[in-house]
Amino acid sequence: GVSHVAVSLALRGDPRISAARREQIAAVAQRLGYRPDPMLSSLAAYRQSKQPVEIRSTVAWLNQWGNPRDLRRFQEFDAYWRGASAYAERLGYQLEEFAVSRDISARRLQQILVVRNVRGILIPPHTHGLELPDFDWSHFSVVRLGSSVKVPHVHIVTSDQFKGAAMAFERAWGRGYRRIGYVTSHRFDRNTGGNFRAGYFSAQDAHVPLRRHLAPLALSGDHVSADVRLIKSWLRTFKPDALVSAQGNLHRLLDKAGVRVPEDLGVAALSLLDGHFEAGVDQNSVEVGRVALAQLASMIQQNERGVPASCRRVLVEGRWVDGASLPVRRDD
């Protein structure tokens, strides 16, 4: 008593077919032993890719920063947006930013997204997390960019931060540096799940005996004068010849501490886009955004909504870029 189109939509979990009807059709299909033909599915996907793409629905980019403009002032995060937005258009979606005040009710936001036919949500990084305690995530497919947002506990797409930090250490070692330090902040370590720090420790373990390990320097990240004093004290204690760091203000702090780069100290940035040093890791953030949107689109098609039982983490590898801040070290 239903059309072929209705059956097709129901088996793909399309919300245009009621939940009760979808369950009924799925039960009949299972009883009849129906299985999708992978060759026909591939052919359908190929034909669809050759057709002009029309915008079918909106994908939401939730922004709950105190000043929404601050989010994309970070070049890494702006690259996430550009990668996701370009791939969304390719698939027939439109990525739209929703600036969410912390005063708005979760129910009101949910109503807005439903009215706008939003079925998928991308959550970019947030310094202080995302606060939507009563939001019903079960209506949407959701992917996080990075691990700074702890709730909802949904799938993550991010750069391979562990490998990036290990790569930076290895490149510095290969250039003749032997006392390679790591500079971070407490908030940054918390928001990245300690992945950069872990990569640094792993590489240091491979080259340096435990008794000669350099303890990481953790800055406050909020008080410049206090952080300059911390840097001076730490440099006197550990006497590093190179640093690896993702701290965006490290260049300014070293200047205030009277440290010249690279004359006094070689530096590799773990974020070339935001680190303000010439040598370091390109986190491939446009690709991170593209992969996140591809993951989200697949979930929308498969009707995977809400908080999953098991959280997947997709890592995108970065690449090393040589630069003047980390020259080959020549012993006098």
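What counts, and where the lines are drawn
Each chain has its residues counted from 1, running along the sequence as written. pLDDT decides what is reported in this predicted model: residues at 70 or higher carry local features, side-chain atom pairs at 80 or more are listed and counted, and totals for whole chains, interfaces and linings draw on all residues regardless. Excluded from the side-chain calculation are hydrogens and water; included are all heavy atoms of the structure. The way it works is that DSSP assigns letters per residue, a run of H or I at least four long becomes a helix, a run of E at least two long becomes a strand, and they are numbered from the N terminus. Contacts are assigned to residue pairs that have any heavy atoms within 4.5 Å of one another. Only four residue types enter the charge count: Lys and Arg as positive, Asp and Glu as negative, with His and the chain ends excluded. One atom stands in for each charge, and that atom is NZ of Lys, CZ of Arg, CG of Asp or CD of Glu. Accessible area is worked out with a 1.4 Å probe on protein chains only. A residue is then buried under 20% of its type maximum, exposed over 50%, and partly exposed in between. Pairing between two strands requires that DSSP report at least two bridges joining them. Aromatic rings from Phe, Tyr and Trp, with only the six-membered ring used for Trp, were paired whenever their centres fell within 6.5 Å, and each pair was classed as stacked if the ring planes differed by under 30 degrees, edge-to-face if by over 60, and tilted otherwise. Lines fitted to C-alpha atoms define the axes here, with helix axes fitted over just the stretch in contact, and angles between the N-to-C directions of these axes take values from 0 to 180 degrees. Any angle from 65 to 115 degrees is called roughly perpendicular, while one under 35 is roughly parallel, one over 145 is roughly antiparallel, and all others are oblique. Handedness of a helix crossing follows the sense of rotation of the near helix relative to the far helix, less than a right angle counterclockwise being left-handed and clockwise being right-handed. Put simply, Ala, Val, Leu, Ile, Met, Phe, Trp, Tyr, Cys and Pro go in the nonpolar bin, Asp, Glu, Lys and Arg in the charged bin, and everything else, Gly too, in the polar bin. Working definition of a nonpolar core: buried Ala, Val, Leu, Ile, Met, Phe, Trp, Tyr and Cys residues. They are joined through side-chain atoms within 4.5 Å.

### Brief notes about the overall build of the chain
Inference 1: Helix and strand counts for the chain come out as 13 helices and 12 strands.
Inference 2: With respect to the principal axes defined by its C-alpha atoms, the chain has extents near 85 × 45 × 35 Å.
Inference 3: Put simply, 70% of the contacts in the chain that link residues at least 6 apart link residues at least 24 apart.
Inference 4: When the 45 basic and 33 acidic side-chain charges of the chain are each reduced to a single mean position, those positions are 3 Å apart.

### Focus on the pairing of strand 5 (residues 155-159)
Inference 1: Within strand 5, five of the five residues are buried, leaving the element largely enclosed by the surrounding structure.
Inference 2: Pairing between strand 4 (residues 141-145) and strand 5: three bridges, direction parallel. Among the inter-strand pairings, Leu145 is bridged to a residue of strand 5, identified as Val157.
Inference 3: When strand 5 meets strand 11 (residues 313-316), the two strands line up parallel, connected through four bridges. Bridging from a neighbouring strand, Ser159 pairs with Val316 of strand 11.

### Things to note about the packing of aromatic side chains
Inference 1: Using the criterion set out here, one finds 13 aromatic pairs in the structure.
Inference 2: Taken together, a centroid distance of 5.7 Å and an interplanar angle of 40 degrees make the contact between Trp234 and Phe238 tilted. With Trp234 and Phe238 both in helix 10 (residues 224-238) and four residues apart, this pair spans about one turn of that helix.
Inference 3: On the accessibility criterion, Trp234 (6% relative accessible area) is buried.
Inference 4: Aromatic ring contacts, followed pair by pair, group Phe169, Trp173, Tyr182, Tyr200 and Phe201 into a single cluster.

### Side note on unusual backbone geometry
Inference 1: Cis geometry marks the peptide bond from Val151 to Pro152; its omega dihedral reads 5 degrees.
Inference 2: Relative to the assigned elements, Pro152 resides in the loop between strand 4 and strand 5.
Inference 3: The omega angle of the peptide bond from Val261 to Pro262 is 10 degrees, so this bond is cis rather than trans.
Inference 4: By secondary structure assignment, the location of Pro262 is in the loop between helix 11 (250-256) and strand 9 (266-269).
Inference 5: A positive phi angle is found at Asn117, which is not glycine, with a value near 60 degrees.
Inference 6: Topologically, Asn117 is positioned in the loop between helix 6 (106-115) and strand 3 (118-123).
Inference 7: By relative accessible area, which is 38% here, Asn117 ends up partly exposed.

### Examining the sheet that holds strand 1 (residues 57-63)
Inference 1: Spatially, the six strands line up as an open sheet ordered 2-1-3-4-5-11, and their pairing is parallel. With one partner strand each, in any of the chains shown, strand 2 (93-99) and strand 11 form the two edges of the open sheet. Along the sheet, successive strands turn relative to each other by an average axial angle of 25 degrees, direction set aside.
Inference 2: Running at roughly 140 degrees to strand 2, helix 5 (residues 75-91) makes contact with strand 1, strand 2, strand 3, strand 4 and strand 5 of the sheet.

### A closer look at the environment of Gly199
Inference 1: Along the chain, Gly199 falls in helix 9 (residues 195-207).
Inference 2: Classification of Gly199 as buried rests on a relative accessible area of 0%.
Inference 3: With residues near it in sequence (within four places) discarded, Gly199 still touches Phe162, Ala165 and Ala166.

### Topic: the packing of helix 7 (residues 161-174) against helix 9
Inference 1: Where helix 7 meets helix 9, the axes come as close as 7 Å, and the angle between the chain directions of the two elements is 40 degrees. Classified by the angle their axes make, helix 7 and helix 9 are oblique. In this structure, the crossing between helix 7 and helix 9 has a hand that is right-handed. Judged by residue contacts, Gln161, Phe162, Ala165, Ala166, Phe169, Glu170 and Trp173 of helix 7 engage Asn195, Phe196, Ala198, Gly199, Tyr200, Ser202, Ala203, Gln204 and His207 from helix 9.
Inference 2: Partitioning the contact of helix 7 with helix 9 into residue classes produces nine nonpolar, six polar and one charged.

### Remarks on the nonpolar core
Inference 1: Within the largest apolar cluster, 25 residues are counted, with the highest numbers of intra-cluster contacts made by Val59, Trp61, Leu95, Leu122 and Leu293.
Inference 2: For this core, the elements supplying multiple residues, two or more each, are strand 1, helix 5, strand 2, strand 4 and helix 13 (285-301).
Inference 3: Considering each element in turn, this core owes the most residues, eight residues, to helix 13.
Inference 4: The contact partners of Val59, leaving out residues within four places of it in the chain, are Tyr93, Gln94, Leu95, Glu96, Gly120, Leu122, Leu293, Leu296 and Ile300.
Inference 5: Ranked by size, the runner-up nonpolar core spans 24 residues in total, among them Ala166, Met167, Phe196 and Val244.

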